[in-house]
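If you want the building blocks of each chain, they are given just below.
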Number of protein chains: 2
Amino acid sequence: MTASDAAETVRVELGDRSYDILIGPGLLGDAGRHVSTVLPGIRAAIVTDDNVAQHHLETVRQSLADAGIETAEIVVPAGEPSKSFATLQEVVSRILDARLERGDAVIALGGGVIGDLAGFAAAIVRRGMNFVQMPTTLLAQVDSSVGGKTGINAPHGKNLVGAFYQPRLVLADTAALDTLPAREFRAGYAEVVKYGLIDRPDFFAWLEGNWPAIRDGGPERIRAIAESCRAKADVVARDEREAGDRALLNLGHTFGHALEAAAKYDPAILVHGEGVAIGMVLAHEFSARMNLASPDDARRVAAHLENAGLPTNLDGMKTHLRDADSMLGFIRQDKKVTRGALNFILTRGVGRSFIAKDVPESEVRGFLVDKIGQ
Amino acid sequence: MTASDAAETVRVELGDRSYDILIGPGLLGDAGRHVSTVLPGIRAAIVTDDNVAQHHLETVRQSLADAGIETAEIVVPAGEPSKSFATLQEVVSRILDARLERGDAVIALGGGVIGDLAGFAAAIVRRGMNFVQMPTTLLAQVDSSVGGKTGINAPHGKNLVGAFYQPRLVLADTAALDTLPAREFRAGYAEVVKYGLIDRPDFFAWLEGNWPAIRDGGPERIRAIAESCRAKADVVARDEREAGDRALLNLGHTFGHALEAAAKYDPAILVHGEGVAIGMVLAHEFSARMNLASPDDARRVAAHLENAGLPTNLDGMKTHLRDADSMLGFIRQDKKVTRGALNFILTRGVGRSFIAKDVPESEVRGFLVDKIGQ
Ligand SMILES: NC(=O)c1ccc[n+]([C@@H]2O[C@H](COP(=O)([O-])OP(=O)(O)OC[C@H]3O[C@@H](n4cnc5c(N)ncnc54)[C@H](O)[C@@H]3O)[C@@H](O)[C@H]2O)c1
Ligand SMILES: NC(=O)c1ccc[n+]([C@@H]2O[C@H](COP(=O)([O-])OP(=O)(O)OC[C@H]3O[C@@H](n4cnc5c(N)ncnc54)[C@H](O)[C@@H]3O)[C@@H](O)[C@H]2O)c1
Ligand SMILES: [Zn+2]
Ligand SMILES: [Zn+2]
C-alpha cells in the first residue's frame, strides 16, 4: 500500500508542514511501508498505552521491523492521568535512552491521550523530532490527531501545557476501531456529528441514515472518518493557532465541559463525547430559545444522537447538578466571562453554527433555570 | 526612553516573529515603558535567580508596576541545575498559579540559565505565551538571548529538551553587567571574540584595541554587544532551525565542550566561555596544522584572549586530561562520528571560518597527541 492505495487520503495544507492523513482498514499492518515512504532511514519510538499495546502494538512493531525500522516501545498506563508532567518526563527520558536523533520519529499509537502526550514529547525532545500519529480511537481519528495541538494537563486545568506541533503522517486504521469498547466508539461519534452540525448539513443528513453501518464497519465508516478529517483540516488550515474560526470546533463544548466538571471528570459518570452530545443538544435548544433557530432542529439533533446511543439531556446528571447556578459556575470556570458576557457557539439551524460574542450570562442562566430549576 | 532612544537597536528579522533587541545602560529601570509599548495591557511573570534577584529584581518590578504591569515573581536557585524538569514544572506551575493568559508575558531576568528555562516555560504554558528577555550576563546578551533556542538539560546531556521560541522583545541593559563577577564577564567575552573570528575580521581587530574599555563599561561595551547581536541575528535569520549555517556559531565549541566534560562541568574548574576560549585557539592551531591557515593567526587569537584574562591552552586541564584518547572520547560523545569523520568548524584565518565536513578523526588524534601526549 502506498499513500494512493489507502481507501482515502486527506491532505492537511499547512505550507511546508503539510501532511497526509491516510484512512482505511489494515493500515497498522502496513505501517512500515507508509512510514518509510515519508521518513526513509529512520529509527522510532512507539508510544502507546497498556490497552492498545495488547491489541495493536505487535502488528505495528512487526510491520516497522519488516521495513527495517528499529523501534523502542514505550508503554504508559491507559487513561487521562498519563497526560501529566511525570509521564511526559518518563516518555522523554525513554526516547533519549533509545538514543534517537532529531531526524528519528516518535509514533503515537493510541487514543487522544497518547497522541497529545507523545506529540508533546516529540515537540520538545531535541527541540522537535519527527512525529507520526496512529490514532486508534474514533475520537483520535476524527479530532485529536488532526490539527497539531499536543499537550498535558496541569493541576490547574486540562491541556494547559503543550505545543502546536504537526505530525509528518497520520495513519487512521479504521479496522483498529473494532477492538474499541462500544461506549468509546459512540463518544467519538459525537464529534463526527459535530462536523455536520457546524457547517455540513448534507453530511449530517447522511449520518442520520448511516449510523448503523458506520458502527458496524465497512465503507460508510471510512467515509464518515474521512469527511470528519476534511472538516477539521479545513478549519485548522484557516486558523492553525486558534485565533478565530477554530472556535467553531467548540460547538457543544461549553455545556459539555461544564458537565464533565460537574461529573468530576469521572468517566464512569460521563466521558467527553457524551458531554459534547448533551452540549450540542443544549446549544441547539438555547439557540431556539434565543429565536435564532427552530426547536425542530434541536429535536432532530437529539433524535439522531439518541439513536446512536448517546445521552441527549440532563436526566443522568441530576445528582451532580444541584441547580442552574452550580452549572453556571462550571461554565464560568471554563470560559472567561467579560462584563457579564460569554463567547458561545450558537446556531441558526443544522449546519449553520456561528461564533456568538457577548452572549448575556443572564440569558444562559434563564435557559438553565428552565432546564434544571432555580 | 522608546525603542529609538536606546543606545542601540538590533532588529532580528524573522517574518511575523521579528523583534527588537534594545541595548544600552539603564534599560531595566525603564523596562515598564518598553514592555508596554510592545505588549500593551498585559500582566507578567518575572522569572529570575536568587543572585540576580538581589541586584536587579526590584528595579524591574518597580518599573513594570509604574507602567501598570502587575507581576508575579518567580525566583529559582542560581546555576545550571535549575535547567531541569523539576524546576521547569515549578516555574510552569507558578505561572499558572498567577492565572496568566496566553496574551500575558513571561519575562526572563538573568543569564542564559534563566533565559533558557523561562523561555521554554513561555513556549509551553497555554501552548505559547508572550516572552521577553532581559539578559543580565554578557553571555546572555550576546548569545543565549538571541536566536530563540530555549530548553533544559536531561540526565542524558545538555539542552536535550526544549523548543525554538522567539521573544517579543529583548532588553540588554549594559550597565546591569557591572554587578557580574569578573570571571563571568570574561567568559561571555569569549563569545564576543568568536563573532569576530567567524566572519568579522575588522570587528576582531577593533576588539584587540578596545578590550579594557569594553570591560570597564561605556560606549565600547555597548558597541561590542550590539555588533555581537547583529552577528548572531544574521546567522539566525539565515538558518532559524539550525539546518546549516548556524553551525558556524560552534567555532571553538567542539574542543570547548570536550574540555567542559573533562572538567565534569564543574565551574570551579572551567566555565563554558573559558572552554570556548581554549577551543577557539585549538581550532586555529588545528587549522594551521592542516595547512589551511597560518600559525600566526593562532598566535594572534591566543594573544588577545590571554590579554582578556581567558585561558588559551591546556595547561590548567592537565590533571583532567589523561591523554589524547581521553579527549577524543569526549569529542566523540559531543559529536556524531560517522565513518571515522567529524564535522568541525575550521578557519582559513581570522574572520574566515567555515564548516568542514568529514574531518578525519585520525587528524584530530594526531593533533591531540602533539598537544597532550600519547
Ligand atoms: N489534541 C486535540 O486537538 C484534542 C482534541 C480532542 C480531544 N483531545 C484529548 O484526547 C483525549 C481523549 O482521547 P480518547 O477519547 O481517544 O481517549 P483515550 O486515549 O484515553 O482512549 C480511550 C480508551 O480507549 C482505549 N483504546 C484506545 N484505542 C483502543 C482500541 N483500538 N481498542 C481498544 N481500546 C482502545 C484506551 O486505552 C483508553 O482506555 C483527552 O485527553 C482530550 O483532551 C485532544
Ligand atoms: N539558548 C542559547 O542559544 C544559548 C546559547 C549559549 C548558552 N546557553 C546557555 O546559557 C547558560 C549559561 O548562561 P550564563 O553564562 O549567563 O550563566 P548563568 O545564567 O548561570 O549566569 C552566570 C552566573 O551569573 C549570575 N548573574 C547573572 N547576571 C548577573 C548580574 N547582572 N550580576 C550578578 N550576577 C549575575 C547568575 O546568578 C549565575 O550565578 C547555559 O545553560 C547554556 O547552555 C544558551
Ligand atoms: Zn471534543
Ligand atoms: Zn558558547
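- Chain A is annotated in an unreviewed UniProt entry as 3-dehydroquinate synthase of Oricola thermophila.
- Its UniProt record, at the heading Function (unreviewed entry), says of chain A: "Catalyzes the conversion of 3-deoxy-D-arabino-heptulosonate 7-phosphate (DAHP) to dehydroquinate (DHQ)."
- For chain A, the Subcellular location (unreviewed entry) comment in UniProt is given as "Cytoplasm".

**Here's the deal with the coordination of the zinc ion (ligand 4)**
Residues and elements named next belong to chain B.
So, step 1. Listed as protein donors to the zinc ion (ligand 4) are Glu-191 (OE), His-253 (NE2) and His-272 (NE2); their distances from the metal cover 2.0 to 2.1 Å.
So, step 2. Of note, the donors binding the zinc ion (ligand 4) are all from one chain and are spaced E-x61-H-x18-H. Here His-253 is found in helix α9 (residues 253-262), whereas its partner His-272 is found in helix α10 (residues 272-289), with 19 residues between them in sequence.
So, step 3. Judged by its relative accessible area of 7%, His-253 is buried.
So, step 4. Taking relative accessible area as the criterion, His-272 reaches 23% and is therefore assigned partly exposed.

**Re the packing of α10 of chain B against helix α11 (residues 295-307) of chain B**
When two helices pack together, their arrangement is given by the angle between their axes and by how far apart the axes lie.
Residues and elements named next belong to chain B.
So, step 1. Here α10 crosses α11 at 170°, and the two axes come no closer than 8 Å. Between α10 and α11, the angle is such that the two are roughly antiparallel. Touching Ala-277, Met-280, Val-281, His-284, Glu-285 and Ala-288 of α10 are Pro-295, Asp-297, Ala-298, Val-301, Ala-302 and Leu-305, all from α11.

**So, the coordination of the zinc ion (ligand 3)**
So, step 1. Each protein donor to the zinc ion (ligand 3) is listed here as Glu-191 of chain A (OE), His-253 of chain A (NE2) and His-272 of chain A (NE2); together their distances run 2.1 Å.
So, step 2. Written as a sequence motif, the donor residues of the zinc ion (ligand 3) are E-x61-H-x18-H.

**Section: the domain arrangement of chain A**
Residue and element names in this part refer to chain A.
So, step 1. Considered domain by domain, chain A is made up of domain 1 (3-179) and domain 2 (182-372).
So, step 2. On the side of domain 2, 25 residues touch domain 1, which itself brings 25 residues to the contact.
So, step 3. At the boundary of domain 1 with domain 2, total buried surface from both sides reaches about 2300 Å², with 66% on carbon and sulfur atoms.
So, step 4. When residues of domain 1 are sorted by the area they lose upon contact with domain 2, Leu-138, Val-142 and Phe-164 head the list and together hold 27% of the total.
So, step 5. The interface formed by domain 1 and domain 2 contains three salt bridges.

**Let's talk about the sheet that holds strand β5 (residues 105-110) of chain A**
All names here are of chain A.
So, step 1. The sheet built from seven strands is open, its strands ordered β1-β2-β9-β6-β5-β3-β4 with mixed pairing. In the strand order of this sheet, the two ends are held by β1 (8-12) and β4 (71-76), each with one partner. In this sheet, adjacent strand axes meet at a mean angle of 15° when their direction is disregarded.
So, step 2. In the packing of helix α1 (residues 31-38) onto the sheet, contacts are made with β2 (19-24), β6 (130-135) and β9 (169-173), and the angle to β9 comes to roughly 165°.
So, step 3. Packing of helix α4 (residues 112-124) onto the sheet brings it into contact with β3 (44-49), β4, β5 and β6, and relative to β5 it is tilted by some 170°.

**Comments concerning the sheet that holds strand β9 (residues 169-173) of chain B**
Residue and element names in this part refer to chain B.
So, step 1. The seven strands are arranged β1-β2-β9-β6-β5-β3-β4 in an open sheet whose pairing can be described as mixed. Each end of this open sheet is capped by a strand with a single partner; those strands are β1 (8-12) and β4 (71-76). Direction aside, the axes of adjacent strands within the sheet are offset by 15° on average.
So, step 2. Strand contacts of helix α8 (residues 219-238): β1 and β2 (19-24), with the helix running at about 10° to β1, the strand carrying the most contacts.

**Quick word on the interface of chain A and chain B**
So, step 1. With 28 residues of chain A at the interface, the matching set in chain B holds 28 residues.
So, step 2. At the boundary of chain A with chain B, total buried surface from both sides reaches about 2400 Å², with 58% on carbon and sulfur atoms.
So, step 3. Summed over the shared surface of chain A and chain B, the number is zero salt bridges.
So, step 4. Contributions of two or more residues to the side of chain A that touches chain B are made by α3 (85-97), α4, β7 (149-154) and β8 (157-164) of chain A.
So, step 5. Ranked by the residues each element gives to the side of chain A that touches chain B, the list is headed by α3 of chain A, at seven residues.

**With respect to the nonpolar core**
So, step 1. Counting 63 residues, the largest nonpolar core has Ile-95 of chain A together with Ile-95 and Val-161 of chain B as the members making the most contacts within it.
So, step 2. If we ignore the near neighbours within four places in the chain, the residues touching Val-161 of chain B are Val-92, Leu-96, Ile-124 and Arg-126 of chain A together with Phe-85, Phe-120, Thr-150, Gly-151, Ile-152 and Ala-154 of chain B.

**Focus on the site of ligand 1**
Residues and elements named next belong to chain A.
So, step 1. If you check the shell around ligand 1, you find 26 residues, and the closest are Asp-49, Glu-80, Thr-136, Thr-137 and Thr-179.
So, step 2. In the environment of ligand 1, a nitrogen atom lies 3.4 Å from a nitrogen or oxygen atom belonging to the side chain of His-56.
So, step 3. Relative to its free-state accessible area of 860 Å², ligand 1 is covered by the protein chains to the extent of 87%.
So, step 4. Every element with two or more residues in the shell around ligand 1 is listed here: α2 (50-66), α4, α5 (138-144) and β8.
So, step 5. For the shell around ligand 1, the element with the most residues is α2, which contributes four residues.
So, step 6. Taken together, the residues of the shell around ligand 1 sort by class into seven nonpolar, 10 polar and nine charged.

**Focus: the UniProt feature "binding site: NAD(+)" (unreviewed entry) in chain A**
Residues and elements named next belong to chain A.
So, step 1. Residues given the UniProt feature "binding site: NAD(+)" (unreviewed entry) here are Gly-112, Val-113, Ile-114, Gly-115, Asp-116, Thr-136, Thr-137, Lys-149 and Lys-158.
So, step 2. Summarising the element assignment, Gly-112 is placed in helix α4.
So, step 3. Excluding residues within four positions of it along the chain, Gly-112 makes contact with Thr-137, Ala-140 and Ser-144.
So, step 4. Residue placement: Gly-115 occurs in helix α4.
So, step 5. Excluding anything up to four places from it in sequence, Gly-115 contacts Ala-108, Phe-131 and Gln-133.

**Let's talk about the environment of Pro-81 of chain B**
All names here are of chain B.
So, step 1. Secondary-structure assignment places Pro-81 in the loop between β4 and α3 (85-97).
So, step 2. What makes Pro-81 exposed here is its relative accessible area of 69%.
So, step 3. For Pro-81 and Gly-111, which are 30 residues apart along the polypeptide, the C-alpha to C-alpha distance reads 13 Å.

Analysis parameters
Residues numbered from 1 in each chain as written. Chains lettered and ligands numbered in written order. Predicted model: local features only at pLDDT ≥ 70, side-chain atom pairs only at ≥ 80, totals over all residues. Heavy atoms only, no water. UniProt positions renumbered as here; feature names shortened; annotations may be inferred. Donors = N, O, S within 2.8 Å, 3.2 Å for Na, K, Ca; no water. Helix = DSSP H or I, 4+ residues; strand = E, 2+ residues; numbered from the N terminus. Buried < 20%, exposed > 50% of the residue type's maximum accessible area, 1.4 Å probe, protein only. Axes fitted to C-alpha atoms, helices over the stretch in contact; angles between N-to-C directions. Parallel < 35°, antiparallel > 145°, perpendicular 65-115°, else oblique. Contact = heavy atoms within 4.5 Å. Domains from an automatic or database assignment. Buried area = accessible area lost by both parts, 1.4 Å probe. Salt bridge = Lys/Arg side-chain N within 4 Å of Asp/Glu carboxyl O. Pairing = 2+ DSSP bridges. Core = buried A, V, L, I, M, F, W, Y, C linked by side-chain atoms within 4.5 Å. Near = heavy atom within 4 Å. Polar contact = N/O pair within 3.5 Å; in protein donor to acceptor, adjacent residues only side chain to side chain. Areas by Shrake-Rupley, 256 points an atom, 1.4 Å probe, with all protein chains shown as cover. Nonpolar A, V, L, I, M, F, W, Y, C, P; charged D, E, K, R; others polar.

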